[in-house]
Amino acid sequence: MKGAALTGITALVGGLFFGPPGLAIGGAVGGLAASGMAKNFKPVSQIICEMSEEKKELLCSKVKYALVNAAIPYGPNLLRYVQSHPCVSEELINIMRTFVTSELGMNLKA
């Protein structure tokens, strides 16, 4: 989040001083600075790819359990349903957050 804030602030300052080109330049400069600040950052998608098959199956079972208990439609309509129901989306994010911190012992930074 710090990187996103830095990028936004530099884009804002660039825009205030130089107009539309300043937005682009400020955003680019802020993005580069934020990238340099995020040395140990790994997206959750990469973390999942690097997990053992056993851990992937455990995560999958936790997500399936939550979906079944909430009577959420499974299959092709699942993505549409999750996108249109913020509480479901939030619950899935909480499952991921809990799994990454408790099962994998990683720290998440917002």
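For the structure itself, look to the data block above.
The text that follows walks through the structure, step by step, so that each part is easy to find. These figures come from a predicted structure and were not determined experimentally.

## Focus on the packing of helix 3 (residues 53-69) against helix 5 (residues 86-103)
Then step 1. Here helix 3 crosses helix 5 at 150°, and the two axes come no closer than 10 Å. Between helix 3 and helix 5, the angle is such that the two are roughly antiparallel. The hand of the helix 3/helix 5 crossing is right-handed. Facing helix 3, whose interface residues are Lys-55, Leu-58, Leu-59, Lys-62, Val-63, Ala-66 and Leu-67, helix 5 presents Leu-92, Ile-95, Met-96, Phe-99 and Glu-103.
Then step 2. In the contact of helix 3 with helix 5, the residues fall into nine nonpolar, no polar and three charged.

## Thoughts on the packing of aromatic side chains
Then step 1. Within this structure, the stated rule accounts for one aromatic pair.
Then step 2. Look at Phe-17 and Phe-18: their rings are 6.5 Å apart centre to centre, the planes differ by 50°, and that puts the pair in the tilted class.
Then step 3. Here Phe-17 falls in the exposed class, since its relative accessible area comes to 64%.
Then step 4. By relative accessible area, which is 64% here, Phe-18 ends up exposed.

Basis of the calculations
- Residues numbered from 1 in each chain as written.
- Predicted model: local features only at pLDDT ≥ 70, side-chain atom pairs only at ≥ 80, totals over all residues.
- Heavy atoms only, no water.
- Axes fitted to C-alpha atoms, helices over the stretch in contact; angles between N-to-C directions.
- Helix = DSSP H or I, 4+ residues; strand = E, 2+ residues; numbered from the N terminus.
- Parallel < 35°, antiparallel > 145°, perpendicular 65-115°, else oblique.
- Left-handed = near helix turned anticlockwise from the far one by under 90°.
- Contact = heavy atoms within 4.5 Å.
- Nonpolar A, V, L, I, M, F, W, Y, C, P; charged D, E, K, R; others polar.
- Phe/Tyr/Trp six-rings, centres within 6.5 Å; stacked < 30°, edge-to-face > 60°.
- Buried < 20%, exposed > 50% of the residue type's maximum accessible area, 1.4 Å probe, protein only.

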